[in-house]
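Fold and geometry: a report
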Amino acid sequence: MAWHSVLTLAFDAQHAGEHARTNLVQRHHQGALRVQKALYPESGEQQGICHVIMLYPPAGIALGDKLDIDIGVKHHAHAVITTPGANKWYGNLPSYTPNKQTNDSAPIEKTQKTQESQKTQENSNSYAVQNVTVYLQDDSRFEWLPQENCFYNASFAHATNQFFISPAASVIAWEINLLGREHHGERYSTGEMRLSNLFWRVDEQPKLLLADTLHHCAEHDWFGSPVGLNNHSVFASLWVVPSVDAQKQLIEWVKQLRLFIDHHSLPVSCTQTGEVMIIRYLGDDVRQCFDSFGAVRGEIRTLMWQQASHLPRIWAT
């Protein structure tokens, strides 16, 4: 049975004494998506930052499921959203494990089954879908830090994240992707993924700052090509969009972040595309990627917001 779940959240800032406190002022859900209560784990001047853990009790997204997540961050609010574990995209066909094949006809049979399954998939136009839309008002700050997407073999996934950012707002967001389940002997050998991360600057007219998109079937050469994934199973991006006024510092931040990456020997790269700073990881170790991004995100917080690093406790469980 397919699930359609909707989650709508809104964060607003309330000035209480010396420091502002961000409150979760709207929480509406339909279906299985939930959030826990608002948490305030940071200390000192950062004690008003609101942390929320987003839950999906089915623990994964199956064929035909659709998740719609809308988030509003109002003036002067600062919200951090993460998840308690990997976001699993389930496959709808038997997993194939070439290392268990014992006859010469098996690869041919696998290819025929793969092609037939993809034709069926295209004809049915049925996928697992997740749409995340975030609206940021001026002087707001938002951190979108979900744990990794795990794409099972034979998964057909459409995931779209859109961020509509006011001129004085800023964002840190990441997406970590794992192909297959190597520890179960399962490779991502059939399926399709469409991943889109769109960042808009919203003023009088919306301006597209960056469209970071990917659309490939599992058999595409891109997964094995030296100019693609080069047969690696983990690929990830971290995006940073400062406020318009802070753009003049972006080049210097990129330089400082590269020095930080080199000093700590982190397996990531840092580039700038227009108004967006991008950190990339390509490898085979989700933990290594996650820890590297956590360290980089802490340094970005210091550079952009003059805030100390803080790792959500749920990441250590």
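The present account deals with the structure reproduced in this document. As the structure is a computational prediction, the values presented were derived from the model and not from experiment.

This brings us to the overall build of the protein. A count of helical and extended segments in the protein gives three helices and 18 strands. Accessible area for the protein stands at about 15,000 Å²; split by element, carbon and sulfur atoms hold 49% of it.

Our next topic: the pairing of strand β14 (residues 191-201). Taking burial as the measure, the 11 residues of β14 include nine buried ones, the bulk of the element. Pairing of strand β12 (residues 155-165) with β14, which is carried by 11 bridges, proceeds in the parallel orientation. When the sheet's bridge partners are listed, I165 is paired in β14 with R201. As defined by bridge partners, β14 adjoins strand β15 (residues 207-217) across 10 bridges and the pair is classed as antiparallel. Residue pairing in the sheet places L198 in a bridge with A211 of β15. The turn joining β14 and β15, which pair antiparallel and follow one another in sequence, is formed by five residues.

Between helix α2 (residues 250-263) and helix α3 (residues 286-305), the least distance of the axes is 11 Å, while the angle of their chain directions is 145 degrees. Judged by the twist between their axes, the crossing of α2 over α3 is right-handed. The residues of α3 that touch α2, namely those facing W253, Q256, L257, F260 and I261, are A295, V296, E299, I300, L303 and M304. Class assignment of the residues belonging to the contact of α2 with α3 gives a composition of nine nonpolar, one polar and one charged.

What counts and how
- Residues numbered from 1 in each chain as written.
- Predicted model: local features only at pLDDT ≥ 70, side-chain atom pairs only at ≥ 80, totals over all residues.
- Heavy atoms only, no water.
- Helix = DSSP H or I, 4+ residues; strand = E, 2+ residues; numbered from the N terminus.
- Areas by Shrake-Rupley, 256 points an atom, 1.4 Å probe, with all protein chains shown as cover.
- Buried < 20%, exposed > 50% of the residue type's maximum accessible area, 1.4 Å probe, protein only.
- Pairing = 2+ DSSP bridges.
- Axes fitted to C-alpha atoms, helices over the stretch in contact; angles between N-to-C directions.
- Left-handed = near helix turned anticlockwise from the far one by under 90°.
- Contact = heavy atoms within 4.5 Å.
- Nonpolar A, V, L, I, M, F, W, Y, C, P; charged D, E, K, R; others polar.

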